Amino acid sequence: MSGAACPAPAGRRNGAAPIGPITPDTPIGRTSFTGNTVLRRVGPRIGVRTVRDLLFYLPRRYDDLRALSTARELNRIPEGEPASARLQVHGLRVEQTFRRRVQRTTAYLGDDTGEVEATWFGRRFVERRLHDGDWIVVSGKIRRRGFTTSFDNPEFQPDDGSALLHAGRIVPVYRLTAGLTAATLRRAIRQALDAVGREYADYLGADVLAAAGESVGIAAALENANYPETFPARDAALRRLGFDELLALEVGMVVRDRQRRVAVGEAVAVSAEQISRGIVAVETALTEQLRARTGTDVAAQLTGDQAAAVEAIAADLGRPRPMMRLLQGDVGSGKTAVAALALAFVADAGRQGALLAPTDLLARQHAAALRRLVEPLGHSVTLLTGSLPAAEKRAALELLAAPSADRGLMGLSSGRIVVGTHALVQEAVRFADLALAVVDEQHRFGVAQREALGAKGVAPHMLLMTATPIPRTLGQILLADLDVSDLRSLPAGRQRILSDVRDSRGLDGSADPKRDAYRGILQQVGAGHRAFVVVPLVEEDEESAARSADEVAAALPGQLAEAAHRVGVAGTTPRVGVVHGQMKAAERDRRMDLFRRGEIDVMVGTTVLEVGVDVPEATVMLILDADRFGLAQLHQLRGRVGRGEAQSYCILVSDSTDATARARLDALVSHTDGFELAELDLELRQEGELLGLHQSGLPTLRIASLRDPEDRRRALRAREIAETLVDEGGALRPGNERLAAELRQGWLARVGAGEVLAETGEALTEDGEVIAEAGDRNTAGRGVERG
């Protein structure tokens, strides 16, 4: 799999000498590559630790700098455009600037047609590498300083016959990190290609490549994806690598599906009488909640979709083959009621069921909701999260691990239903008899985390839940190994949320007093309701014009007071709170509890509000800079209101003129059905992750894009091929050992294992707290010819 071992490339040695020959698995620090010590230190930030990581660290775009201009031609190139030239050094000047004494180096360059300049700031190595009379190839953006044409911080290299890396060619542009320069990274990748890439053994057989319609070998794909001679060669290389990703994705799904099919668990028999009794109990509990909330004498009934899902789950539980079912439906479509019945069926049999939630806040909310639904059926609910006091956590762990007879001594049906966060999958957690695992907001968990929960039992049944449907065309690719239940109808008590798009002038009514958003919030709060205000950032960012939670929370009381003065409303200014992901979970929960109890009237927050906030009194969702959110997030945020009897509103504020962003907002206004929005999102093919991909729980692809209809077709073909590569027991057939190794420890390991990359660029604790900014995703810049 690793290819032939090669000696270290010749050249300047930097850092520790290699131990033995270089292979794809050799750590960067053990090579003599340019910048090996720097890469050993900062490479992990961008996912680069080994030579293989370098080979597959693909450019984010490509600059076409093949044409070498003369000095005279450079004078005619528009400012800001990139250009290349072969020029001679005629002189150097080094001086300190007044700005923090940053060194400025100016090179005077020319040929027989004229002269130009090149200027670098803070690059102290430049004057050591340039000498009068040297001929260099230089590339960079053109700047005008008076009548002088200048390269601004250009790349350069000697014109000595060596391979061009930074100029005079299609130049790869990679994502960088602090302390790593573009020149260093390009040289290191070039050396990795020379040392190992040319001999990288292909892990796909000729028959697989022929079936896929691929003619490019992996070694050629690596060369042309990093240093293409032509754009068609680059595109062919990326197509090959993109297909490999799709095949890894599909092989992983086929393997997991077939392993589940041969797994033998223990059936949980569910009788028709149990189903009927459970539905009656749940409907009675929901009716009591609806009456308490609305004051009306309306009886709650499960929708036809909910009843059908319950029947399907009961049938799945009654089979020895473990259930793997996805329950998808809009926010408020009644997924929790269906999950409550599934957990009750398992508890009726004296066995255990667990519900995994992504945050402490959502876990506590689910525990409270489940108690109201299952306690009338004789079952209690145990909570296990990372924020529990040590004594409570220890008691919960003992209860879950206790045999059924011992649990009976602790209380009726104790320890049979548990709700928790990532704490449930920790090694210390032991279940006596886990029969059902329910995963809520399943896209927030990787396959490995879901399977870790499943490993707590003997082939337990799995029920996955998602609040935003996956488009039908994507479902053929992403859900081929799942049974799916759709909840399309909304239960009683839910009503249409009125949505509207406004520009910033709509906030204070300066354009139209009737569209004064602050006035609307005042009116709703005055009527005893509450409001959300959502922003894209936690803190102010000098490089972004977007509003932040801290900024808005500080300004909002004054803005609401001004609105009250404008419309002549007497009374107390609404109380404003703020929550975001950088808060400790306990403090965030405390503030949300104040909001629920009505001690905070307006809650400002980031997308931490997207999941698990159930406040029936909330009637206004005001989203600032709405164009900066994806359609999935906007749809989820809107679902936080409209949970009571009062009319609710979603106000989308955006000054964007981008056509795709405006289409996204208009789609949200005109559609409330999540299934319709999923299909529209696929048609819009916006930048960023598709709504369906965001919710799928499958890994983010680095090269292939399921936004692309061609890649979707290739994914279906990859599925057909994967079906032939995997035997009935879920193992790769003989002859695919190299592919197995690449999936196990190569560049395809993450995709094949179903590991999920953070969508938000944030690293989170088990309780959803932001602990670090994640590194940039490595995405190839497909179709980009000039930067």
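Description of the structure in this document. This structure is a prediction, so every number in the text was calculated from the model and none was measured.

**Quick word on the packing of helix H12 (residues 360-374) against helix H19 (residues 585-596)**
In the contact formed by H12 and H19, the axes pass within 10 Å of each other and the chain directions differ by 45°. Relative to H19, H12 is oriented oblique. Crossing of H12 against H19: the hand is right-handed. In contact with Asp360, Leu361, Arg364 and Gln365 of H12, H19 contributes Asp589, Met592 and Arg596.

**Observations regarding empty space enclosed by the protein**
In total, this model carries one cavity of 30 Å³ or more according to the counting rule given. Volume-wise, the largest cavity comes out at about 30 Å³. When residues of the lining of the largest cavity are assigned to their parent elements, the largest contribution, three residues, is made by helix H18 (residues 549-567).

**A few points about unusual backbone geometry**
Positioned with a positive phi, Asn153 is a non-glycine residue whose angle comes to about 50°. You can see Asn153 is positioned in strand S7 (residues 148-158). For Asn153, a relative accessible area of 27% puts it in the partly exposed group. A positive phi angle, close to 50°, is found at Asp625, a residue other than glycine. Secondary-structure assignment places Asp625 in the loop between strand S20 (618-623) and helix H20 (631-638).

**Structural notes on the pattern of salt bridges**
The tally for this structure, following the rule as stated, stands at 38 salt bridges. Among the ionic pairs, Arg240 bridges to Asp244, the shortest N-O distance being 2.9 Å. Taken together, the residues Arg240 and Asp244, both in helix H8 (residues 231-262) and four residues apart, mark about one turn of the helix. Across the salt bridge formed by Arg364 and Asp360, the nearest N and O atoms sit 2.5 Å from each other. Taken as a pair, Arg364 and Asp360 lie in helix H12 at a separation of four residues, close to a single helical turn. Each of Glu250, Arg258, Arg719, Glu723 and Glu728 takes part in one network of salt bridges that share partners.

**Comments concerning the environment of Gln636**
With respect to the helices and strands, the residue Gln636 is situated in helix H20. On the basis of relative accessibility, which here comes to 0%, the residue Gln636 falls in the buried class. Taking C-alpha positions, Gln636 is 9.3 Å from Thr607, a pair spaced 29 residues apart along the chain.

**Description of the sheet that holds strand S15 (residues 483-487)**
Adjacent strands of a sheet form backbone hydrogen bonds with each other and so pair up, either parallel or antiparallel. The seven strands are arranged S11-S12-S10-S13-S14-S9-S15 in an open sheet whose pairing can be described as parallel. On the outer flanks of this sheet lie strand S11 (382-384) and S15, each paired with one strand and no other. Adjacent strand axes in the sheet meet at a mean angle of 20°, parallel and antiparallel pairs treated alike. Pairing analysis gives four bridges linking strand S13 (residues 434-439) to strand S14 (residues 461-466), with the strands arranged parallel. In the sheet register, Val439 faces S14, and the bridge partner there is Leu464. Together, strand S10 (352-356), S11 and strand S12 (417-420) form the strand contacts of H12, whose direction differs from that of S12 by roughly 155°.

**Notes on the side chain of Gln524**
Along the chain, Gln524 falls in helix H17 (residues 517-526). Relative accessible area serves as the criterion here: at 15%, Gln524 is assigned to the buried category. In terms of polar contacts, Gln524 uses its side chain to reach the side chain of Thr619, at 2.7 Å.

**Things to note about the environment of Asp360**
In this structure Asp360 comes out as buried when scored by relative accessible area, which is 0%. Considering only alpha carbons, one finds Asp360 and Ser387, 27 residues apart in sequence, at a separation of 7.4 Å.

Rules of the game
Counting of residues starts from 1 at the beginning of each chain's written sequence and follows it residue by residue. The predicted origin of the model limits local features to residues at a pLDDT of at least 70 and limits the giving and counting of side-chain atom pairs to 80 or more, whereas totals for whole chains, interfaces and linings rest on all residues. In computing side-chain properties, one takes all heavy atoms of the structure into account and sets aside hydrogens as well as water. Each axis is a line fitted through C-alpha atoms, and for a helix only the stretch in contact is used; angles between axes span 0 to 180 degrees, taken between their N-to-C directions. Each helix is a run of DSSP H or I of at least 4 residues and each strand a run of E of at least 2, with the numbering of both proceeding from the N terminus. Our angle categories are set so that under 35 degrees counts as roughly parallel, over 145 as roughly antiparallel, 65 to 115 as roughly perpendicular, and the remainder as oblique. Left-handed describes a crossing whose near helix is turned anticlockwise from the far helix by less than a right angle; the clockwise case is right-handed. Every residue pair with non-hydrogen atoms within 4.5 Å of one another is taken to be in contact. Cavity and pocket criteria rest on a 1 Å grid covering protein atoms alone: a 1.4 Å probe that fits but cannot get out defines a cavity, protein on both sides within 12 Å along at least 5 of 7 lines defines an open pocket, and an atom within 4 Å of a point defines a lining residue. Grid points are joined across faces, edges and corners, and a volume is the space filled by probe spheres set on the points. The rule is simple: take the accessible area with a 1.4 Å probe, protein chains only, and divide by the maximum for that residue type; under 20% is buried, over 50% is exposed, in between is partly exposed. By salt bridge we mean one thing: a side-chain nitrogen of Lys or Arg within 4 Å of a carboxyl oxygen of Asp or Glu. For two strands to be treated as a pair, DSSP must find at least two bridges joining them. Counted as a polar contact is a pair of N or O atoms within 3.5 Å, where, for protein atoms, one must be capable of donating a hydrogen and the other of accepting one, and residues adjacent in sequence contribute only when both atoms are in side chains.

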